[in-house]
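One letter stands for each residue in the lines below.
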Amino acid sequence: MTTATTGRTTPKGVVGTAHTRVEGVEKVTGAARYAGEIPFADLAHGWLVLSTVARGRIISVEDGPVLAMPGVRAVLHHGNAPRLETHFQGVIGPPDPTTTLFQNDRVAHLGWPVALVVAETSEQAREAAESLLVHYEEEPHDVDFRGDRPEAYPVDGFAPGVVEKGDLEAELAASAHVVDVQYTTPEEHHSMMEPHAAAARWDGGRLEIVDSNQSTTWVQSDLAQMFSLEPSAVRVRSEHIGGGFGSKGVRVHQVAAVMAATVLQRPVRVVLTRRQMFPLTGYRSPTSQRVRLGADAEGRLRALEHRSVSQTSTVHTFVEPSAGVPRVMVDAPAHHTANLVVPLDVPTPTFMRAPGEAPGSFALESALDELAEKCGLDPIELRVRNEPARSPVSGQPFGARNLLACFHEGARRFGWADRDPRPGVRREGRWLLGTGVAGASFHAGAGPSTALATAEADGSFTVRISAADIGTGARTALTLVAADALRVPVDRVRVHIGDSDFGPAMFAGGSMGTRSWAWAVDAAAEELRERLALGATIPPEGITVRSDTTDAVRRLAQTERHSYGAQFAEVAVDTATGEVRVRRMLGIFAAGRIVNPLTARNQLVGGMIWGISMALHEEAVRDRASGGLYGGDLAGYHVATHADVPLVEADWVEDHDPDDPVGIKGVGEVGVVGAAAAIANAVRHATGVRHRHLPIRPDRVLMARETGATHA
Amino acid sequence: MKEFAYQRAEDVSGAVALLGADPDARFLGGGTNLVDLMKSGVERPGRLVDVRQLPLGAIESTPEGGLRIGATVTNSDLAAHPEVRRRYPLLTQAVLAGASGQLRNMATVGGNLLQRTRCGYFADVTKPCNKREPGTGCPALEGEHHNHAILGASEHCVATHPSDMGVALTALDAVVTYETADGPGELPLADFYLPVGDTPHRETALPPGALITGVTVPPAPVAARSRYRKVRERASYAFAIGSVAAAFDVSDGVVREVRLAFGAVASRPWRARAAERALTGVPAEAENFAAAADAELAAARPLRDNAYKVTLMRNLVVAVLTELAEEAAR
Amino acid sequence: MAPTTSSAITLKINGQNYPLTVDHRTTLLDALRERLDLTGSKKGCDHGQCGACTVLIDGRREVSCLNLAVAAEGREITTVEGLARGDELHPVQQAFLDLDGYQCGYCTPGQICSAVAVIEEHAAGWPSAVTGDVRPEAGPPPLSAEEIRERMSGNLCRCSAYVSIVQAVSRAADTTAGQRRTEPAGTEPLGSGDTGRTADAEAAA
């Protein structure tokens, strides 16, 4: 038995100082085990079979010959699979029928899951899956996404569908300067490095799942409902996660693994191949966005319309709410925004890093740049003149809105004041040079979470929370938060995450993870410290305090809270070959309290590089004839690699919100917002050509020069 | 991937014999393309004959002053070899422009020449493809083809050859040597790849069962001033959308000798002989470079979405030759 | 008689011999991960398109997903698990840790193995696609950020920790160069493979 030794005086806190990752040694030595790497005795391997038609009905599955192949133990399909509960309210809504596997004969898109082959080895499972003959009654499919599809309809997704105020046409007619342009962004895929993987087994009447996901409790809750189990009968663990970006929620691999483990009564692992990930794990919908801006002679907005069309599948609705961006960024007497969706025979899209904001900011921040040019204003000055005092939509005050501080600090450090606004006049060898700027914002929300803080008998402290560190550095951040709350050195605190047994907590998404979890960890650790301060002695099992922020989150003042940023880019363009290279980027952000500058900077820079990738490379090409992707792998779908990435710098300004008890705003998504627009604006400045369609591919740059077009 | 037998060949004749004994057998070199295609179901061999450890790993000077490059020399060793760098800088540049450091350490010279197209329809067994399954059609004609061929293609196939190295070797008049059960043979690279026509699945003129043993590069003093420029949709680790291998001898402002080959525009590395003819003996000036490129590209038959390649190749020729001419004048 | 489709082999990994029987279809990557419990090497794409499975074979970096295990017999394989000496991290690992050269960590073993090889390749005088003059007379280029970026481009990092990875490789290269100066000369920089090494190459090395 020991006596509590939390700090009695307040030492200098570690929150705000750089700290290497607590799991860093494990990651650099290869010791960190990801979902597909946890060994199980008697493990069988499942391999999914996907449809080769884009729409239709399964007539038959010839499983007989495959069952006779070496090592094959089962072939599950709609004719023999266990029945699942398909109508329930999951953590983020009703389940996407893509995930409730093998419940009927319908095929809703190319690459629809039609069967699972389970065998003793992965090689056997793969060959058997590839040998499985499935017969279809094929129906004509439609994957033709266009912004002018008449059947597009507005949808309230996680953001409202339509928000309107003022007389748009009247204000446009009265405007001195009008911009009316159409932007498009292509289908984009998360492409995190670790494919989705899960192993499931029954252990003493309890279902245990080792998975790679962004929330163990979300997966636990939805799987429990799907398989008609008590939540307490399902345990989901997910310690190390090889990236998520919005894609690692409830997916087919977990359902397939549980189904097979249940049928075979032995552990089964299902790992998606990279090519299977493209149709099965969500993506960012292509968007077609019309932006109309009207401004008076001084560049003050009178009218704004932002109308975004995205696609969804025929079985589930997800809307990419790109038109949400101006609801935060700019106000106008007439302010119309709408998010529409058109259902097609395609996979269901989903949340992908800065959903809505990433494509929406490309359109809006490009359009503002176009307007600034029409008004003869510096693009930063245009934004200064249009900085709203209150939310354009809710009329609520903004909590700590330091957008202009970001622009000003960024302009100073980037050397913006020396910029010659004329396009197409700076040359260095074969390269034309240009610079561009764009604004960024991202909602700073919070979700209820619980945490457990334990004072151990050996004098150390253990924190348990079902948080997910998908590469964000959350585990390290929570360790720092706990150490400060306990007033002990960091090395006396261990944080365990990624286990649904630790109780409900926010998922790693919406830039809300660290903010939400830190709140719960801080509360539990504070209370523990207070308890120990009373002179408690610690029994062998330790003293544990549980926190729950549900009420505190509900009581949070009704203020619009966002993080903000200003993105600056310099590009070089060779118009003879169409090559575009980003030379440098600077992002200045107002993102509240920064817990760990080392990892926060890395994450912001990573987001900005997503902007490079989005601006110049990423594009999933849907083949109209087959309905599937052309080149749906990492050779066909280009993400930025080392050579595409120059020195990218991120920093932040002081950003304090006295009404916010947490102060952390989250840095996961704001880094990508506006980054593609800053690059596109820089390409315009370099070449004189406005690129309104991403990615800015060499052929597009080249043909714009060839045809003398001023936009492409 | 179906099950297969595996054998390591001890020597060249043994390798040829092993392959000849099994119609379902394939040679395995570095595996960077074959193993990939086996995983995709495009290749389904019943036997692999591993030739990586055959004694074909040397780079030697020929009596004429050229180089003989063994078939199992890796791309990395080829690119790093001092004599390659000295005599044929464009060859080193071309090899280094391809793939990644890891893949270049694996990929062999012989395998590089035999690699298959990166057309996304070819690599996807759920889609039709005349090259993979003759008679099924070519979806690229009406589908995605912005990186397909503009030269020498047919209505049966518009796929491009992905090699960078092959483009430089084509410009250098390299000769492929091979071994069959009936003895050795050789094929100039210019004759190595077959025209597409209506047989896109037949890609090379190698006799059945032949093992590539090496590539001979003749002496080419013109290559002392040479360059490989590749354009792609990311800055590295991507296949070309267009590339140029050029070697240039200019004196007194007049083109004495020129070698030009294009990559990513045809089913094979494309020797630009019309352009070479147009350039030889004329002043080394930009308009002549452009005219020469146009002479070559007059035969181009672009598809709906790849007409940019005509512009790209013309601009690349002008840019690369201008750079080389400026260097010569320095 | 049906041909044999599996073989008993011995793989030499991190200095240790591992006898096992492999289905010929088994890649080196799957043998490491699923048969030998060496899960440090990661499977990101399984097609040579991402670099997460990079290991060192006979001292050179290769992707293990396109190497068949049966074909790797007789070669010296080093995985990320074999880089540290006990508790002492390899300089590349230490630099990745100190400079936060990663986020999710999944591409990290591949990046680290690749970086170890990049430093060796550069020390051996290999040019890259961004080397201005590749002729041997021009001498080796300095290992600038641009050179590191090009040479590391076969390793995708979707978290996009590229900036800190390049800084880590640069720092590790400096550390390694310092160590190399204090070590006795004559160490073979690029493994024992003799493929393609000729008298010319040796003379110039």
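Residues numbered from 1 in each chain as written. Chains lettered and ligands numbered in written order. Predicted model: local features only at pLDDT ≥ 70, side-chain atom pairs only at ≥ 80, totals over all residues. Heavy atoms only, no water.

### Some details on the overall build of chain A
The helix and strand tally for chain A stands at 17 helices and 30 strands. Taken over the C-alpha trace, chain A has a radius of gyration of 26 Å; the compact-globule value for 712 residues is 27 Å, and the two agree within 12%. Projected onto its principal axes, the C-alpha coordinates of chain A cover approximately 75 × 75 × 50 Å. Sorting the 712 residues of chain A into buried and exposed places 66% on the buried side. Here the analysis covers contacts within chain A between residues at least 6 apart in sequence; of these, 81% occur between residues at least 24 apart. (Helix = DSSP H or I, 4+ residues; strand = E, 2+ residues; numbered from the N terminus. Rg over C-alpha atoms; globule rule 2.2 N^0.38 Å. Buried < 20%, exposed > 50% of the residue type's maximum accessible area, 1.4 Å probe, protein only. Contact = heavy atoms within 4.5 Å.)

### As for the overall build of chain C
For chain C, the helix and strand inventory stands at six helices and five strands. Going from the N terminus to the C terminus, chain C shows its helices and strands as β-β-α-β-β-β-α-α-α-α-α. Across the 205 residues of chain C, 62% fall into the buried class. Accessible surface computed for chain C: about 7300 Å², of which carbon and sulfur atoms make up 47%. (Areas by Shrake-Rupley, 256 points an atom, 1.4 Å probe, with all protein chains shown as cover.)

### So, the environment of S626 of chain A
Tracing the sequence through the fold places S626 of chain A in the loop between β28 (621-622) and β29 (629-630). Look at S626 of chain A and you get buried, because its relative accessible area is 18%. Sequence separation of S626 of chain A and S361 of chain A is 265 residues, and the distance between their C-alpha atoms is 32 Å. Setting aside chain neighbours within four positions, we find S626 of chain A in contact with A54, L110 and H141 of chain A together with K127 of chain B. At 2.7 Å, the side chain of S626 of chain A and the side chain of D623 of chain A are in polar contact. A polar side-chain atom of S626 of chain A sits 3.2 Å from the main-chain amide nitrogen of G628 of chain A. (Polar contact = N/O pair within 3.5 Å; in protein donor to acceptor, adjacent residues only side chain to side chain.)

### Overview of the domain arrangement of chain C
Residue and element names in this part refer to chain C. Its domain assignment divides chain C into domain 1 (6-82) and domain 2 (91-182). Distance from the C-alpha centre of domain 1 to the C-alpha centre of domain 2: 22 Å. Summing both partners gives a buried area of about 1300 Å² for domain 1 against domain 2, and 58% of it is carried by carbon and sulfur. When the area that domain 1 buries against domain 2 is broken down by residue, the three leading residues are K42, R61 and V80, summing to 44%. Applying the counting criterion to the domain 1 and domain 2 interface returns one salt bridge. The closest approach of N and O atoms between R61 and E121, which form a salt bridge, is 2.9 Å. At the junction of domain 1 with domain 2, the criterion picks out six residue pairs in polar contact (both at pLDDT 80 or more). Counting only elements with at least two residues in the side of domain 1 that touches domain 2, the list comes to β3 (54-57) and β4 (60-63). With three residues, β3 is the largest single contributor of residues to the side of domain 1 that touches domain 2. The residue inventory of the side of domain 1 that touches domain 2, partitioned by class, reads five nonpolar, six polar and five charged. (Domains from an automatic or database assignment. Buried area = accessible area lost by both parts, 1.4 Å probe. Salt bridge = Lys/Arg side-chain N within 4 Å of Asp/Glu carboxyl O. Nonpolar A, V, L, I, M, F, W, Y, C, P; charged D, E, K, R; others polar.)

### A word on the interface of chain A and chain C
Contact residues are listed per partner, giving 59 residues for chain A and 53 residues for chain C. Between chain A and chain C we count six salt bridges in total. With a closest N to O distance of 3.6 Å, D46 of chain C and R126 of chain A form a salt bridge. Along the contact surface separating chain A from chain C lie 30 residue pairs in polar contact (both at pLDDT 80 or more). Secondary structure elements with two or more residues in the side of chain A that touches chain C: α1 (24-29), α3 (122-131), α7 (274-280), α15 (597-616) and β30 (647-652) of chain A. For the side of chain A that touches chain C, the element with the highest residue contribution is α15 of chain A, accounting for nine residues. Residue classes in the side of chain A that touches chain C are distributed as 26 nonpolar, 21 polar and twelve charged.

### Some points on the pattern of salt bridges
Counting across every chain of the model gives 104 salt bridges over all chains. Among the salt bridges present, the one from R430 of chain A reaches E579 of chain A, with a minimum N-O distance of 3.0 Å. Remark: E579 of chain A occurs in strand β27 (residues 579-590) and R430 of chain A occurs in the loop between β19 (427-428) and β20 (431-443); sequence separation between them is 149 residues. Here E579 of chain A falls in the buried class, since its relative accessible area comes to 3%. Across the pair D252 of chain B and R256 of chain B runs a salt bridge whose closest N-O atoms are separated by 3.9 Å. Relative accessible area serves as the criterion here: at 41%, R256 of chain B is assigned to the partly exposed category.

### Considerations on the domain arrangement of chain A
Residue and element names in this part refer to chain A. With domains assigned, chain A is organised as domain 1 (2-32 + 448-550) and domain 2 (42-139 + 193-280). Taking the mean C-alpha position of each, domain 1 and domain 2 sit 34 Å from one another. Taken together, the contact pairs 20 residues of domain 1 with 20 residues of domain 2. Between domain 1 and domain 2 lies a buried interface of about 1400 Å² when both sides are counted; carbon and sulfur atoms form 49% of it. Here domain 1 and domain 2 share four salt bridges between them. R235 is the salt-bridge partner of D499, the closest N and O atoms lying 2.5 Å from each other.

### Quick look at the sheet that holds strand β1 (residues 5-8) of chain B
For sheets, the rule is that strands pair by backbone hydrogen bonds, running either parallel or antiparallel. All names here are of chain B. Pairing within the open sheet is parallel, and its three strands lie in the order β1-β3-β2. On the outer flanks of this sheet lie β1 and β2 (25-28), each paired with one strand and no other. Ignoring strand direction, the axes of neighbouring strands in this sheet form an average angle of 25°. With four bridges joining them, β2 and strand β3 (residues 47-50) adopt parallel strand pairing. What sits directly across from L28, in β3, is D50. Contacts between helix α1 (residues 12-20) and the sheet are confined to β1, β2 and β3, with β2 contributing the most and set at about 150° to the helix. (Pairing = 2+ DSSP bridges. Axes fitted to C-alpha atoms, helices over the stretch in contact; angles between N-to-C directions.)

### Quick word on the state of the cysteines
Residues and elements named next belong to chain C. Summed over all chains, the structure comprises zero disulfides over all chains. The cysteine C53 is free of any disulfide, with C65 supplying the nearest cysteine sulfur at 3.8 Å. A relative accessible area of 3% means that C53 is categorised as buried. Take C157: it sits in no disulfide, and the sulfur closest to it among the cysteines is that of C107, at 3.9 Å. (Disulfide = S-S within 2.5 Å.)

### Section: the nonpolar core
Within the largest apolar cluster, 209 residues are counted, with the highest numbers of intra-cluster contacts made by L48 and I679 of chain A together with L11 of chain C. Looking at this core element by element, the count peaks at ten residues for α15 of chain A. Aside from chain neighbours lying at most four places away, what touches I679 of chain A is A569, V571, V582, M585, G611, I612, A615 and L616 of chain A. Counting residues in hydrophobic clusters, the runner-up holds 53 residues, among them V49, L56, F192 and A210 of chain B. (Core = buried A, V, L, I, M, F, W, Y, C linked by side-chain atoms within 4.5 Å.)

### Brief notes about the environment of E187 of chain A
Residues and elements named next belong to chain A. Its place among the elements puts E187 in the loop between β10 (177-185) and β11 (197-203). On the basis of relative accessible area, E187 is assigned to the buried category, the value being 4%. When residues no more than four places from it in sequence are discounted, the contact partners of E187 are Y283, R284, S285, P286, Q311, E619, A620, R622, L629 and Y637. There is a polar contact of 3.0 Å between the side chain of E187 and the side chain of R622.

### Here's the deal with α3 of chain A
Here α3 of chain A lies mainly inside the structure; eight of its ten residues are buried. Taken together, the buried positions of α3 of chain A are occupied by S122, E123, Q124, A125, R126, E127, A128 and A129 of chain A.

### Section: unusual backbone geometry
Omega for the peptide link from L694 of chain A to P695 of chain A comes to -5°, which places this bond in the cis form. Note on placement: P695 of chain A falls in the loop between α16 (675-687) and α17 (698-707). Here the phi dihedral of A99 of chain B falls at roughly 55°; this positive angle occurs in a residue that is not glycine. For A99 of chain B, the location among the structural elements is in the loop between α5 (89-96) and α6 (101-106). What makes A99 of chain B partly exposed here is its relative accessible area of 34%. At S160 of chain C, a residue that is not glycine, the phi angle is positive and equals roughly 65°. Inspection of the secondary structure puts S160 of chain C in the loop between α4 (145-151) and α5 (162-182).

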